[in-house]
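Geometric and topological summary
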Amino acid sequence: MAAHRCCFPVWLFILCSFSLFIIAGSQETTVAPEQHASVLDNPQTAAETAEQTAGESGGVEERRWEGTEVRDAAAQKQAEPAVLQPTPQPKDDFQEELVVRPLHSGDIYASFQFRTLWETDFMRGNKVSHYRLFPKSLGQVISKFSVRELHISFTQGYWRTMQWGQPYLPSPPGAELWVWFQDSVTDVDATWKELTNVLSGIFCASLNFIDSTNTVQPSASFKPLGIGNVTDHRFLRYATLPREIVCTENLTPWKKLLPCGSKAGLAVLLKSEKLFHSSFHSQAVHIRPVCQDWQCKTTSWELRQTLNVVFDLHNSGQGKREWSLFKMFSRTLTEACPLASSSKIYIDITDNPEGEQFELSPATSLLSQAMVLGDRRTFSVYDLTQQDTFGSVRSLNLLIRWKSTEGDMLRPLLHAERYVAGYGLQTGEIHTLMYNHHPYRSFPVLLLDSVPWYLRLYIHTLTVTSKGKDNKPSYIHYQPSKDRVRPHLLEMLVQLPPNSVTEVTVQFERALLKWTEYTPDPNHGFYVGSSVISSLVPSTVAMDTNSTRERPLFSSFFPCKEESSYFVRVYTEPLLVNLPTPDFSMPYNVICLTCTVVAVGYGSLYNLLTRSFQIEEPSPGLAKRIANVIRKMRGFPGTMG
Amino acid sequence: MELLKIAFCRNLFKFLCFCRGLHSGVVVSTFALQLENPWFTSRLSRDLSAWSLHVLPVHAWVFSRVLRLPPTVQKYAEMAAPLTLLLVLAVTIRAALFRSSLAELIAERVEVVSPITAWKRVVEGLALLDLGVSPYSGDVFHETPLIIYLFHFVVDYAEITFMLADVITAVALYMAVKDYNKQVFRKQKFALEADRYPLDCLELIRSPKEMYYIPLKVAMFYLLNPFTILSCVAKSTCGLNNAVVALFIFSTIKGNTLLSAIFLCLATYQSIYPLTLCAPAMLYLMQRQYIPVNFRRASFWWFIAQYLFMYLGSLFVLICLSFFLLGSWDYMPSVYGFILSVPDLTPNIGLFWYFFAEMFEHFRLFFLCVFQINVFFYTIPLSVKLKEHPVFLIFMQLAVISIFKSYPTVGDIALYMAFLPVWSHLYRFLRNTFLVSCVLLACSTLFPVLWHLWIYAGSANSNFYYAITLLFNVAQILLVSDYFYAFLRREHHLTYGLYLKRKDGSEATLVLK
């Protein structure tokens, strides 16, 4: 018996090792050797390390500058969507990073980014079956539904632009999904329907509630962010579910898509009980094709998983402005994800160049500078792939201790808000306010509004005013709604004058729905998704004409292109609108009463149509006799029965 | 004294001519008079002379004697004076209301405008057209293409257009009823001469004197009815539909088959329901042309074929015209599909909205069919019962349509209510005028009150408003069936005598059996 017990694990071990051997062999034939991939890495980090060694050998410079890379700002830019990657490249590559930005309100903004690049072609005839870093579930989605680009975000809370500035990756409250399909897709609507159902399963979200009544095809606001210049908006679908509540059950499947899961690397910080105890939480998945090299000979797929969270540490810390990784996430970092080619933490120290605002510990000497949202920011960089980052305790717990609370934030140049005006349940008016805080530049914005059909918009009541004057949009794309089929879509291009508020108003009428069309809590109201404002905003760097600090004079007369303006997407608040409701408790009564009235009509006409007048023989009762007396007094001839 | 009288009359006449020059309503009336064929004009003047002794009140007599006007002018003058004053009054009221702040409030009232007739939606349709979007691609605009084409040109003169529509309706009804009364009188005279009425029925015989003011009353009932005024001030396109129906009634009563078919087709094109007026129109025209209603007669079928050909032909032309105006068939589901399938459940005074808001989904189609058939269903039995009285049949049909149509407004009610003075001789047989008028008045005042409580104050719910619509419809049904009863009863008395006796000689009770 005992021998048997011993035998079984042995056999199992042999079987496992055999199968592993086979798998390894097959991978070797299909993809490039992994060991090489991780060792070679990309030349950028190689250059970095070279620089580091150079700096160390110099020994004089206290701060070293990391090779400036074009960061997420480029990803935001629609003008140049492709991220150029230097050659040579491994077949797939994974990078992770965390950006921490102390906000002026005392809150902490932490933004995780996980990027997986894979040089493959999902659209080829033969199926892609060997997945390494790229999650198989999403790969299958891409190939089955011929997706060209997929952007999905789940957000709890509303991003307060005026207090927090612009987020790195904006997202509206609730769920947002927008997908560009390949132009080989024939029935886009059916594919979209299937895709939303599949994604609903993958992310444990109610994306299956996306149907034709909340899907629109924006004509200008959502351009592809990856390569490929097809902009036929027939292949674009955009939908939001402003009511979607994001919680742990959405986070878990999202974490499972990461190569290391939540076992190692930055993802160990993602503990749901801390993440959802925050002012703002947003998680997103972006899939797009990007160029592999600067000539764009080969393309690869980029999967970018992002998670943004704003912690209100100031209030929860009893007024003490101090935070650490442990305080935020109740975890410290001990290692990078072994599969990651790069794993870094960036702390935004732009406002703290000399350490007078806050103190950062452990200190790092590695600095990086990047153009983010039109502003030149400086970051302290912690490279988790370096063992000395973790120090002697073999764990990294970043800590910031504020010294002073002053300091003002640069106001975001573009800001928007929205509300419903009017009273009663019959009509109303949607007001959208767009603020341009730029002192002397006007810029155009694209406003996209998708309003459900049960708020019937009257487009002839649309007014756009700025500075008290009528501001006629130069482009309006309006698609009226169809009852129970599709929503209103209003897109327009408005020029915002400098330093002004532009108000867009449109009146609507509230519809009475069928009783089965109401939500279970009808008097809570109905949500209307956020307006989307997309714009190329003039950069603050370009605004600062004296910013010749570290730049030679000859380079600074004309603003160079990537610094002159940057792409920004701003989401307004979702609206909560009440509709008139029928009485849900009495369908039977209503059916009976209305049918009675119809029957009264039918009966009285039927009586008169089919019967004829005849003389009644028996004598009438007392009541009738009295009635007849009254009739006689009125001059009514004859008497009634 | 005599001189003074002459001067006064001259001045009055001058004023009337001035009014005529000013006022298009009278122009319409003269135009309408010119339309009639010579046979009819001669008949009309003969009839006039036959009963002028009874009919013409003294002042008219003096008027004509003193001035010695040519007979045609004299006729217009005596007819036009009160009508013109009425029209001026009606237009003044409307113009004043258009200028007041009430106009905006009225235009939002759900009792006055329905999703089909709301002016706001017409403007929206025009705005969509300006944006280069088909107005039928959305679910806001449900007017026919001809309406949008009409308002494309007159949108700046909308107020005048709607006042004009009311004036046309009133004048058309006035002329139609005037003509109808003459025929009723003539028929009655023939029947009297043939001794067809029992002796004790003299009380029921209608005298020209009481009939003289009926056309004016009809015009007054239409123009001064608060329902019509509200409808006009809200710029509900229901007023235009009413004008078309009134013109149809006018041309039918005048005996013009072609115009009758064309106007009926226009009315059908605007909102499907006037289709049921086909039957009374054909019955009336056959009566005029002395074609017996007999299925075995070829002339009967020939006439039906003729009328239907004209009707369907003009309908075909209209539909094709609409197609070419916008270049698509989108308007068919958007206008007629919308009327028949009732997707918009905005509250109104009808029976549909709450019923279908509360309907179980799998019974929806069934009840939709039942409710829609209800409107068309009464046509055949009513036509059989009232085949001798097509004008009363028109009244009944209009009432049934306005009660059972899918998006009724008060403007529809105003149209059939304008006919009530025509049946003023039925008053003695009406059973519950007091009850019905009280309920109608109470409901009309309660509509805005309960709407406010539900929508604005939030202290009532939808059932309150629904209850009032139910009561309002019951009152309308009672009103219509009461008139129907009274009409049948009078006919019965005209055949069997007014004071019926039992076999034993005592006073008899008349019952429906």
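- In the nomenclature of an unreviewed UniProt entry, chain B corresponds to Phosphatidylinositol glycan anchor biosynthesis, class U from the organism Amphiprion ocellaris.
- Chain B has a UniProt comment under Pathway (unreviewed entry) that states "Glycolipid biosynthesis; glycosylphosphatidylinositol-anchor biosynthesis."
- The UniProt entry for chain B carries this comment under Subcellular location (unreviewed entry): "Endoplasmic reticulum membrane".

- If you look chain A up in an unreviewed UniProt entry, it shows as Phosphatidylinositol glycan anchor biosynthesis, class T from Amphiprion ocellaris.

A few points about the overall build of chain B
- Assigned secondary structure in chain B consists of 24 helices and one strand.
- Of the contacts made within chain B by residues no fewer than 6 positions apart, 77% connect residues no fewer than 24 positions apart.
- Carbon and sulfur atoms provide 70% of the accessible area of chain B, an area that totals close to 21,700 Å².

With respect to the packing of helix α9 (residues 158–193) of chain B against helix α11 (residues 214–223) of chain B
Residue and element names in this part refer to chain B.
- Relative to each other, α9 and α11 sit at 155°, their axes nearing to 8 Å. Comparing the axis directions of α9 and α11 gives the class roughly antiparallel. Where α9 crosses over α11, the two elements pack in a sense that is right-handed. Contacts between α9 and α11 involve Asp 166, Val 167, Thr 169, Ala 170, Leu 173, Tyr 174, Val 177, Lys 178 and Asn 181 on the former and, on the latter, Ile 214, Pro 215, Leu 216, Val 218, Ala 219, Tyr 222 and Leu 223.
- Looking at the contact of α9 with α11 residue by residue, the class counts come to 12 nonpolar, two polar and two charged.

Points about the pattern of salt bridges
All names here are of chain B.
- Tallied over the full model, the rule gives 27 salt bridges over all chains.
- Among the ionic pairs, Glu 203 bridges to Arg 428, the shortest N-O distance being 2.8 Å. With Glu 203 in the loop between α9 and α10 (208–212) and Arg 428 in the loop between α22 (410–417) and α23 (433–457), the pair connects residues that are 225 residues apart, well separated along the chain.
- Since its relative accessible area comes to 43%, Glu 203 is described here as partly exposed.

Some points on the nonpolar core
- Counting 232 residues, the largest nonpolar core has Ile249(B), Tyr307(B), Phe392(B), Trp423(B) and Phe484(B) as the members making the most contacts within it.
- Every residue in contact with Tyr307(B), bar those within four places of it in the chain, is listed here: Phe248(B), Thr257(B), Ser260(B), Ala261(B), Leu264(B), Cys278(B), Ala281(B), Met282(B) and Leu285(B).
- Of all hydrophobic cores here, the second largest spans 89 residues; its members include Leu241(A), Phe311(A), Leu448(A) and Tyr571(A).

Some points on the interface of chain A and chain B
- Each partner contributes to the interface: chain A provides 63 residues, whereas chain B provides 78 residues.
- Overall, the association of chain A and chain B removes approximately 6,900 Å² of surface from exposure, summing both partners, and the carbon and sulfur fraction of that is 62%.
- For the pair chain A and chain B, the interface holds three salt bridges.
- A salt bridge links Glu509(A) to Arg121(B), with the nearest nitrogen and oxygen atoms 3.2 Å apart.
- Along the contact surface separating chain A from chain B lie 28 residue pairs in polar contact (both at pLDDT 80 or more).
- Elements represented by at least two residues in the side of chain A that touches chain B include exactly β19 (455–466), β21 (475–479), β23 (500–510), α14 (587–610), β28 (613–616) and β29 (639–640) of chain A.
- Take the side of chain A that touches chain B: its biggest share by element is 16 residues, from α14(A).
- Of the residues in the side of chain A that touches chain B, the class split is 33 nonpolar, 17 polar and 13 charged.
- Pairing between β28(A) and strand β1 (residues 509–512) of chain B: four bridges, direction antiparallel.

What about a nonpolar patch on the surface?
- A cluster of nonpolar side chains, namely Tyr602(A), Tyr606(A), Ile373(B) and Phe377(B), defines an oily patch on the protein surface of about 400 Å² accessible area.
- Elements supplying a minimum of two residues to the nonpolar patch: α14 of chain A together with α19 (364–377) of chain B.

A short note on the pairing of strand β2 (residues 92–102) of chain A
Residues and elements named next belong to chain A.
- Taken across its 11 residues, β2 has 11 buried, putting it largely inside the fold.
- Burial along β2 is two-sided: the face carrying Asp 92, Phe 94, Glu 96, Leu 98, Val 100 and Pro 102 and the face carrying Asp 93, Gln 95, Glu 97, Val 99 and Arg 101 are both buried.
- From the end of β2 to the start of strand β3 (residues 108–118), which pair antiparallel, there are five residues, and Gly 106 there has a positive phi angle of about 95°.
- In terms of strand pairing, β2 meets strand β11 (residues 342–348) through six bridges, oriented parallel. Considered in β11, the bridge of Val 99 is made with Tyr 346.

Structural notes on the environment of Val449(B)
- Checked against the element boundaries, Val449(B) lands in helix α23.
- Counting along the chain gives 307 residues from Val449(B) to His142(B), while the straight-line C-alpha distance between them is 29 Å.

With respect to the state of the cysteines
Residue and element names in this part refer to chain A.
- Applying the stated criterion to the full structure yields two disulfides over all chains.
- The disulfide bridge from Cys 260 ends at Cys 337, spanning 1.7 Å between sulfur atoms. With the S-S bond torsion at 60°, the cross-link from Cys 260 to Cys 337 turns out right-handed. In this pair, Cys 260 sits in the loop between α8 (248–256) and α9 (272–275) while Cys 337 sits in the loop between α11 (325–329) and β11, placing the two residues 77 residues apart along the sequence. By the burial criterion, Cys 260 is buried, and Cys 337 matches it.
- Each sulfur of the disulfide joining Cys 291 and Cys 296 lies 1.7 Å from the other. Around the S-S axis, the bridge from Cys 291 to Cys 296 shows a dihedral of about -70° and counts as left-handed.

What about helix α16 (residues 298–326) of chain B?
Residue and element names in this part refer to chain B.
- Along its 29 residues, α16 runs 42 Å from first to last C-alpha, staying within 8% of the 42 Å computed at 1.5 Å per residue.
- The set of residues buried in α16 consists of Phe 300, Phe 303, Ile 304, Tyr 307, Met 310, Tyr 311, Ser 314, Leu 315, Leu 318, Cys 320 and Ser 322.
- Of the surrounding secondary structure, the elements contacted by the buried residues of α16 are α8 (145–154), α13 (238–253), α14 (257–270), α15 (278–288) and α17 (331–341).
- The positive-phi residue at the C-terminal boundary of α16 is Gly 327, with phi of around 75°.

Points about unusual backbone geometry
- In this structure, Pro362(A) follows Ser361(A) across a cis peptide bond, with omega equal to 0°.
- Structurally, Pro362(A) can be placed in the loop between β12 (358–361) and β13 (366–372).
- For Cys296(A), which is not a glycine, the phi torsion comes out positive at approximately 60°.
- If you trace the backbone, Cys296(A) turns up in the loop between β8 (280–291) and β9 (299–311).
- For Cys296(A), a relative accessible area of 30% puts it in the partly exposed group.
- Although it is not a glycine, Val342(B) sits at a positive phi angle of roughly 50°.
- The buried category is assigned to Val342(B), whose relative accessible area is 1%.

Concerning the sheet that holds strand β10 (residues 322–324) of chain A
Residue and element names in this part refer to chain A.
- Read across the open sheet, the three strands follow the order β10-β15-β12; overall the sheet is antiparallel. Strands at the two margins of the open sheet, each flanked by one partner only, are β10 and β12. Sheet twist, expressed as the average angle between the axes of neighbouring strands with direction ignored, equals 10°.
- Where β12 and strand β15 (residues 399–402) come together, four bridges link them in antiparallel fashion. Within the sheet, the bridge partner assigned to Glu 359 lies in β15 and is Arg 401.

Some words on the confidence of the model for chain B
All names here are of chain B.
- In this model, chain B carries a mean pLDDT of 86, and residues with pLDDT of at least 70 account for 85%.
- Contacts of residues 1–67 to residues separated by more than four positions or lying in other chains number 61 contacts, the stretch itself having pLDDT below 50.
- Interface confidence for the predicted complex, given as ipTM, is 0.84, next to a pTM of 0.82.

Observations concerning the packing of α17(B) against α19(B)
Residue and element names in this part refer to chain B.
- Orientation of α17 relative to α19, taken along the N-to-C sense of each, is 100°, at an axis distance of 9 Å. Between α17 and α19, the interaxial angle falls into the category roughly perpendicular. From α17, Ile 339, Leu 340 and Ser 341 reach across to α19, where they touch Arg 364, Leu 368 and Gln 372.
- Its residues assigned to classes, the contact of α17 with α19 shows three nonpolar, two polar and one charged.

Side note on the pairing of strand β14 (residues 375–383) of chain A
All names here are of chain A.
- With eight of nine residues buried, β14 lies mostly within the body of the structure.
- In terms of strand pairing, β11 meets β14 through five bridges, oriented antiparallel. Pairing of Ile 347 across the sheet is with Ser 380, part of β14.
- Where β13 hands over to β14, the hairpin turn is made up of two residues, of which Leu 373 adopts a positive phi near 50°.

Describing α17(B)
Residue and element names in this part refer to chain B.
- Buried within α17 are the following residues: Tyr 331, Ser 334, Val 335, Tyr 336, Phe 338 and Ile 339. With its buried residues spanning 160° around the axis, α17 presents them on a single face.
- Along its buried surface, α17 packs onto α8, α14, α16 and α19.
- Just downstream of α17, Val 342 is the residue with a positive phi angle, here 50°.

Cut-offs and rules
- Residues numbered from 1 in each chain as written.
- Chains lettered and ligands numbered in written order.
- Predicted model: local features only at pLDDT ≥ 70, side-chain atom pairs only at ≥ 80, totals over all residues.
- Heavy atoms only, no water.
- UniProt positions renumbered as here; feature names shortened; annotations may be inferred.
- Helix = DSSP H or I, 4+ residues; strand = E, 2+ residues; numbered from the N terminus.
- Contact = heavy atoms within 4.5 Å.
- Areas by Shrake-Rupley, 256 points an atom, 1.4 Å probe, with all protein chains shown as cover.
- Axes fitted to C-alpha atoms, helices over the stretch in contact; angles between N-to-C directions.
- Parallel < 35°, antiparallel > 145°, perpendicular 65-115°, else oblique.
- Left-handed = near helix turned anticlockwise from the far one by under 90°.
- Nonpolar A, V, L, I, M, F, W, Y, C, P; charged D, E, K, R; others polar.
- Salt bridge = Lys/Arg side-chain N within 4 Å of Asp/Glu carboxyl O.
- Buried < 20%, exposed > 50% of the residue type's maximum accessible area, 1.4 Å probe, protein only.
- Core = buried A, V, L, I, M, F, W, Y, C linked by side-chain atoms within 4.5 Å.
- Buried area = accessible area lost by both parts, 1.4 Å probe.
- Polar contact = N/O pair within 3.5 Å; in protein donor to acceptor, adjacent residues only side chain to side chain.
- Pairing = 2+ DSSP bridges.
- Patch = residues over 30% accessible without salt bridge, like charges linked within 9 Å, V, L, I, M, F, W, Y side chains within 5 Å.
- Disulfide = S-S within 2.5 Å.
- Expected span 1.5 Å × (residues − 1).
- pLDDT = per-residue confidence, 0-100.
- Arc of directions from axis to C-beta.

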